[in-house]
Amino acid sequence: MNDQLLVQRTGSILELTLNRPDKKNALTLAMYQQLSEALLEADSDPQVRVIMLTGAGDCFSAGNDILDFIAALDRPDAVQAPLKFLQTITTVSKPVIAVVPGVAVGIGTTMLLHCDLVIASDQAHFQLPFVRLGLVPEGGASLLLPQLVGHRKAFELVVMGEAFNASLAADLGVVNRVVEHGKLMDVARAQAEKLAALAPDAVRQSKAMLRRGQQEQLQQVLVAEIEQFAARLKSPEAMEALQAFTEKRAADFSRF
Ligand code: COA
């Protein structure tokens, strides 16, 4: 497995670490594929009881790799790898603990909605900049966020798209617990140990029961969102925003 995803098992806890810190762990199509494979493998490995997902270099993930997106714009499979990852993380039967040491942007935040416990550093911050990029939300956010925080707050997070800190993320219910930065991994591993010591079938069945009310709807929304997202990627608004990112300038939507 490529070293952009580190996979390490300690006892019954599998740690997956996004490992592209020079790009803030932005996710390439290859990384999505590796993540999907690692999650599926962990789910079928009887030695694994808990999956931890974190990022190297004091960041969680800056979301989709924008350059990768631009390069893949004309490929019909451009959104297949992210979709497969989302379908996998939303259906994995074992508990997933996300450990957020720093920045979590775009799908870096929306994937947290599918994790079972989210533990964040007090230095972490979160952002859903889809509309700022001329795009629309993905990752089930259009369904789960309004349920979690109500329409107005969801609108603010998705449409205004400003960054928010760990304390607000905890207040909104996106994060379970905010931890002093230096203690993050110790606290997260202690939680993972506690979870791994519980009756594994009871944990999995309980997780499935908590999810089943809207699993079917969520799977439909993931597909519908990604289709709309893929169409938006080719829109003049998104083109301007993606180009602006590569040129390190603010996007200018005044002509639209
Ligand atoms: N895609 C591709 N490259 C990315 C990236 C992304 N999503 N996020 C960060 N990077 C790259 C930057 O271009 C930069 O590369 P460079 O060193 O070659 O110039 C490097 O990662 C470091 O990022 P930088 O912006 O210098 O770090 P920062 O600490 O000032 O800001 C972020 C971090 C995450 C807030 C900022 O990089 C950002 O907003 N990124 C875009 C995130 C985004 O919009 N994601 C959603 C995509 S749908």
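As a starting point, this report considers the structure included with it. Per-chain numbering applies: the sequence of each chain, read as written, is numbered from 1 onward. Where local features are concerned, this predicted model is filtered to residues with pLDDT of at least 70; where side-chain atom pairs are given and counted, the filter is 80 or more; whole-chain, interface and lining totals use all residues. Computation of side-chain values: all heavy atoms of the structure, hydrogens and water removed.

**Brief notes about the sheet that holds strand S5 (residues 103-105)**
Selection rule: If DSSP finds at least two bridges between two strands, the strands pair. Helix numbering and strand numbering both begin at the N terminus, where a helix is a DSSP run of H or I of at least 4 residues and a strand a DSSP run of E of at least 2.
If you trace the three strands from one edge of the open sheet to the other, you get S5-S7-S8, paired in mixed fashion. Of all strands in the sheet, those with a lone pairing partner are S5 and strand S8 (164-165), marking the two edges. As defined by bridge partners, S5 adjoins strand S7 (residues 125-127) across three bridges and the pair is classed as parallel. Looking at S7, one finds that Val103 is bridged to His125.

**A word on the sheet that holds strand S6 (residues 117-121)**
So the rule is basically this: Lines fitted to C-alpha atoms define the axes here, with helix axes fitted over just the stretch in contact, and angles between the N-to-C directions of these axes take values from 0 to 180 degrees. Pairs of residues are marked as contacts when any of their non-hydrogen atoms sit within 4.5 Å.
Spatial ordering of the open sheet is given by S1-S2-S3-S4-S6-S9, a layout of six strands whose pairing is mixed. Each end of this open sheet is capped by a strand with a single partner; those strands are strand S1 (5-10) and strand S9 (177-179). For this sheet, the mean inter-axis angle between neighbouring strands, taken without regard to orientation, is 20°. Where helix H1 (residues 29-44) meets the sheet, it contacts S1, strand S2 (13-18) and strand S3 (50-55), and its direction lies at approximately 175° from that of S2.

**Re the site of the ligand**
The condition is simple: Being near a molecule or strand, for a residue, means having at least one of its heavy atoms within 4 Å of it. N or O atoms within 3.5 Å of each other form a polar contact, as long as, within protein, one can give a hydrogen and the other can take it, and as long as residues adjacent in sequence are counted only when both atoms are side-chain atoms. Areas reported here follow the Shrake-Rupley algorithm with a probe of radius 1.4 Å; residue values treat only the protein chains shown as occluding.
Neighbouring the ligand are 14 residues, the closest being Lys23, Ala62, Asn64, Ile66 and Lys248. In the environment of the ligand, an oxygen atom lies 2.5 Å from a nitrogen or oxygen atom belonging to the side chain of Lys23. One of the backbone N or O atoms of Ala62 is found 2.8 Å from a nitrogen atom in the ligand. Here the ligand, which alone exposes 860 Å², has 66% of that area covered by the protein.

Remember that the coordinates give geometry; whether it matters functionally is a separate question.
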